[in-house]
Structure formats: C-alpha cells, structure tokens
Amino acid sequence: QVQLVESGGGLVQPGGSLRLSCVASGSILRLFAMGWYRQAPGKERELVAGMSNDGDTKYADSVKGRFTISRDNDKNTVYLQMNSLNPEDTAVYYCNADGFDTDYTPGNYWGQGTQVTVSS
C-alpha cells in the first residue's frame, strides 16, 4: 500500500545534467532512510546515494562530487541531482525507502525505475 514513483530520467550527452524525483504515496506512517540505486545491463544493483531521516548522506565513490541527494519529508519526496554525467552512469535508477505503513507494519519499498542514458 506504499508506492514510490520515479521521474526525470532520459537521454543526455556526456557532461550534462539530470534531476530525478521520487514521490512516495499510499498508507505511509513514517519514512526513514531513502535512497537511489542503479542497475546497468549485466551489472548488479548498487547504491548510488542515500539519506537518513536526520539528513546524513552516503554516496558511492563513483558519484561523489557530481551527484547530490536531497529530500522533502513534508512531500514524501527524494531527489537526485546528477551533474557531469558520463556513459558509465547509464542505468535504470530506482528509488528505495524504509518505513512503516499506517498499520505499523515495517517495509522496504521500491519504485518502478527510470532510465538514464548518457550517450553522444
């Protein structure tokens, strides 16, 4: 009963930028950590960036200095600003969150993914 929906993916040239958004909706009582994962063809899913409910952040070494995660708890939304994109960033990007629903049932939630393609 908790849904995450990503948006903002697309095709961009190397060196370009994209801003991803993820909105959580449904029977949400409280969300804790939220983050972004990505999966390229033939590769395992990896954590790109995460943010705790108190604002602490974590980034993959490959994106430090280029990507910035932020969140708006009042809107149940998390963002990923991606700058200086390179072809190695090409992947499906997934939003993820931990939380409780209104029945006090804990859960780990995933979005459907949004494609990011970096190519000239």
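Our subject is the structure that appears above.
Presented here is an overview of the structure given in this document.

Cut-offs and rules
Residues numbered from 1 in each chain as written. Predicted model: local features only at pLDDT ≥ 70, side-chain atom pairs only at ≥ 80, totals over all residues. Heavy atoms only, no water. Buried < 20%, exposed > 50% of the residue type's maximum accessible area, 1.4 Å probe, protein only. Helix = DSSP H or I, 4+ residues; strand = E, 2+ residues; numbered from the N terminus. Salt bridge = Lys/Arg side-chain N within 4 Å of Asp/Glu carboxyl O. Pairing = 2+ DSSP bridges. Axes fitted to C-alpha atoms, helices over the stretch in contact; angles between N-to-C directions. Contact = heavy atoms within 4.5 Å.

At Asn76, a residue that is not glycine, the phi angle is positive and equals roughly 50°. Since its relative accessible area comes to 26%, Asn76 is described here as partly exposed. Backbone geometry at Tyr104 places phi at a positive 65°, although glycine is not the residue there. Here Tyr104 shows up in the loop between strand 9 (91-101) and strand 10 (106-110). On the accessibility criterion, Tyr104 (60% relative accessible area) is exposed.

All chains considered together, the criterion is met by four salt bridges. Residue Arg38 is joined to Glu46 by a salt bridge in which the shortest nitrogen-to-oxygen separation is 2.8 Å. Where Arg38 meets Asp89, a salt bridge forms, and the shortest distance between an N and an O atom there is 2.9 Å. Note that Arg38 is positioned in strand 4 (residues 28-39) and Asp89 in the loop between strand 8 (77-82) and strand 9, a separation of 51 residues in sequence.

Once that is clear, we can look at the sheet that holds strand 1 (residues 2-7). The antiparallel open sheet is built from four strands, whose spatial order is 1-3-8-7. The sheet is open, and its two borders are formed by strand 1 and strand 7 (67-72), each paired with just one other strand. Within the sheet, the average angular offset between the axes of one strand and its neighbour, ignoring direction, is 15°.

Take the environment of Asn53 next. The residue Asn53 is located in the loop between strand 5 (46-51) and strand 6 (57-59) in this model. Counting along the chain gives 18 residues from Asn53 to Arg71, while the straight-line C-alpha distance between them is 9.1 Å. Every residue in contact with Asn53, bar those within four places of it in the chain, is listed here: Arg30, Leu31, Phe32, Arg71 and Asn73.

The analysis is restricted to geometry; functional conclusions fall outside its scope.
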